[in-house]
Each structure stands twice: as structure tokens, then as C-alpha cells.
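# Structural description and commentary
Below are the chains, spelled out letter by letter.
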Amino acid sequence: MMFFEDFVVGSTISAGRLSVSQDDILAYAKRYDAQDFHIDPEAAKASFVGELIASGWHSCSLLMRLIAETFILDSAGMGAPGIDEVKWLRPVKPGDTLAARRTVLETKASRSRPEMGLVRFRFDLLNQHDQPVLEQTNWIMFARRGSDFGRLPGDWLGHSPRYVAPAQLSPLEPPAGTTEPARFFEEMEIGRTHEIGSFVFTADEIVAFARSFDPQPFHMDEAAASQSSFGKLAASGWHTASVWMASMVEHRKRQVAARAPDRAPRLGPSPGYKNLRWSKPVFAGDRITYHSTVADLRASASRPQWGLFFHRNTGVNQHGEEVFSFDGCAFVERKPG
């Protein structure tokens, strides 16, 4: 059992290994990120990236799986408030084998809660060539040695790190009203906000996602969760983020359909995001409504036919409380001619 005091600034450890098949990539993407370059090997050839690759959110979820297996489940971990920054450096492709490396950047004792401390990590997700495909920086909370922290019951390892959908899937619900057409880079407006959809998190889906990617007891079992700081079954933060992505993809499809008969602009991948915050837990039965606001627009120097749009994204529960937010960016096609 690792406590706050066991993490030494500057220490680096590499551990864990898992393989990613084409079926793994398709299974996750069909549910959460159904863009052509994630779900269709042939269509992917004509896309921005030129081949089938895993969703960036899938890569984040796989890193979470490795983090959980290699030390979180054997620690006095108390959850993470969010992610400072993620950089998607290289695509994850079918057949890749991934490993995790963690480096302790900083530690600090909590002033308001003397029984815990916070550790800031840099996590690198490495492929079989020892090349980083993802870099993530974030704080994790740990109980201090001698505090009243008890190991939650249950053995949460041994599950497949692949998304296996439950028998009944909750539908993504579009917002009321019409959707405006998809816009080229030059047509986008800074400050424009869209409601992109809502979703009810069921216990079955919370557990299914956790079994695949975040097998911590408070995401896996109601009895174990009741003994945790959450008090009841809570969704993985990566589940909340993955559903945001699924909602955005469906929103985008409605925008493309509304543009007909004009050709809709293409979207490219995202280089990463910043300031992801899980400000409140998402419990079974919660309805989360997602919004996205255009925050900035910048031309791409390296790809003149594309621009970058920056967006601020939020998720709000049925009580009007913000539970999720982050700052993202993605490539969007410029107007021809």
C-alpha cells in the first residue's frame, strides 16, 4: 500500500503493458468517437490522418487502465480533481503495445485536510518502439500514512482492458430545436455556444466502462462505493469525458446534415487539451447536458488548408451543477479558394 509519503519528487517508474487490436479501437470508437478515421479503415485512408487510429480519448482511458493496474489499486489513492494538460503526440494504431511511465513532479500536503496530500505526476504512454504517444500532467490525492484510510474490499484486476458494452445502452439525447449547418474555419464565430446533447448515466454503463478502463472500487461496486469518499457508485471521469466526445460526434453529424446540399467542411484530429476538471462526481441516474463554446480561432502555419478552433466545454447535471469542463482544440477545414 503506497501512501502520500512514498512518492519522491524526481522518481520515474515504467510499468505495465497492454496490446491494442483493431477490434479494440473499433469497439471504443463506435460507442464514443465514431469518426471515419476511428471506425472505418477504408474511409480513414482519405482522412486527415490517412489511416485507422485510436481515439485520443481511448488512449487516455487505456493510460488510466495502466495507471490503475500498476499502482493506484495498491495505493491510498483518493481520486483526481482533473487533468492539467494532455498532449497527443503520436497516433495509437492497431497492433500497438502500450506501456505507462510515471514521474513525480511535485508533492504537497493538504492544508484543509491534514489526512491527505497531493502528488503531481507526468504520465507518458509509450508504444512498442518506446516512443511517447501521449503525455499527461495531473494531480492525484493520496491518504497520509497513519491516517484512517482502509483498503476497499474486492479484487478489481483480471478484467479485459477493452470496452464491452452492456446489453442495454442509454441513448444520446439531442437538444431540442434545429441544428445550424457545419461551418468552415472562416465562418466560425468566437463566443458562439452550442448545446450538443445530454446523457443519463446508468449503473450498468458506469460499471461496464470501469471494468474496461478504470477498475477502481467506487466505479465498480455499489457496496464498495458506499465506503468511499463518494458514498455511492460514481462514473469514472474518463467515462464522463468519453460521453462528451460521443455527444460532440453526434452534434457534428447533425451539423453536416444541415449543410446539405453544400459540401461540409472536414474536421481533423485534436493535438490535445488543457484544464480538464471533474468538479463534482457523476452518479448513476444523473443526466449530464454538454455544451461547447468557440473560444478562439487560429490559422495553421504548417497546414494552410486547415485552421485550429479552440473550444471551452462543460457538462452540467440535472441540478444545474457543473460536473465537467475542459479547454480543447481541433483542426477544421478552411474554405476552398
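I will try to describe carefully the structure that is included in this document. (Residues numbered from 1 in each chain as written. Predicted model: local features only at pLDDT ≥ 70, side-chain atom pairs only at ≥ 80, totals over all residues. Heavy atoms only, no water.)

Moving on to the pattern of salt bridges. Throughout the structure, instances matching the rule amount to 24 salt bridges. Note that E205 and R31 form a salt bridge whose closest N and O atoms lie 2.9 Å from each other. Residue E205 is located in helix α5 (residues 203–213), and its partner R31 is located in helix α1 (residues 22–32); the two are separated by 174 residues in the primary sequence. Owing to a relative accessible area of 16%, R31 belongs among the buried residues under this scheme. One salt bridge connects D124 with R101, and the closest N-O pair in it is separated by 3.4 Å. (Salt bridge = Lys/Arg side-chain N within 4 Å of Asp/Glu carboxyl O. Helix = DSSP H or I, 4+ residues; strand = E, 2+ residues; numbered from the N terminus. Buried < 20%, exposed > 50% of the residue type's maximum accessible area, 1.4 Å probe, protein only.)

A few words now on α1. Those residues of α1 lying buried are D24, I25, L26, Y28, A29, R31 and Y32. Buried positions along α1 lie against β1 (12–19), α2 (36–39), α4 (56–70), β6 (193–200), α5 and α8 (237–259). (Contact = heavy atoms within 4.5 Å.)

As for its position among the elements, D24 is in helix α1. Among the residues examined, D24 registers a relative accessible area of 7% and is labelled buried. Polar side-chain contacts of D24 include one of 2.9 Å to the backbone nitrogen of S21. Other than its neighbours up to four places away in sequence, D24 contacts S19, H58 and R162. (Polar contact = N/O pair within 3.5 Å; in protein donor to acceptor, adjacent residues only side chain to side chain.)

This paragraph deals with the packing of aromatic side chains. Per the stated rule, a full pass over the model turns up 24 aromatic pairs. Measuring from centroid to centroid gives 5.8 Å for Y32 and F209, while their planes differ by 85 degrees, and the two rings are edge-to-face. In this pair, Y32 is assigned in helix α1 and F209 in helix α5, connecting sequence segments 177 residues apart. Here Y32 and F209 have matching classes, each one buried. On the basis of an interplanar angle of 70 degrees and a centroid distance of 5.6 Å, the ring pair of Y273 and F326 is categorised as edge-to-face. (Phe/Tyr/Trp six-rings, centres within 6.5 Å; stacked < 30°, edge-to-face > 60°.)

Time to look at α4. Every α-helix winds through 3.6 residues per turn, so residues three or four apart in the chain are directed the same way. For α4, with 15 residues, the first-to-last C-alpha span of 21 Å sits near the 21 Å given by 1.5 Å per residue. Counting buried positions along α4 gives 13 out of 15 residues, so the element sits mostly inside the fold. Between the side-chain oxygen of the N-cap and the backbone nitrogen of W57 there are 3.1 Å, and the N-cap of α4 in question is S55. (Expected span 1.5 Å × (residues − 1).)

Right, let's get into the nonpolar core. W57 and Y273 are the most contacted members of the largest nonpolar core, which has 67 residues in total. Dropping the residues within four chain positions of it, W57 is found in contact with Y28, W88, W238, A241, S242, W244, M245, Y273, L276 and F326. Membership of the second largest hydrophobic core comes to eight residues, among which are A76, M116, M141 and A143. (Core = buried A, V, L, I, M, F, W, Y, C linked by side-chain atoms within 4.5 Å.)

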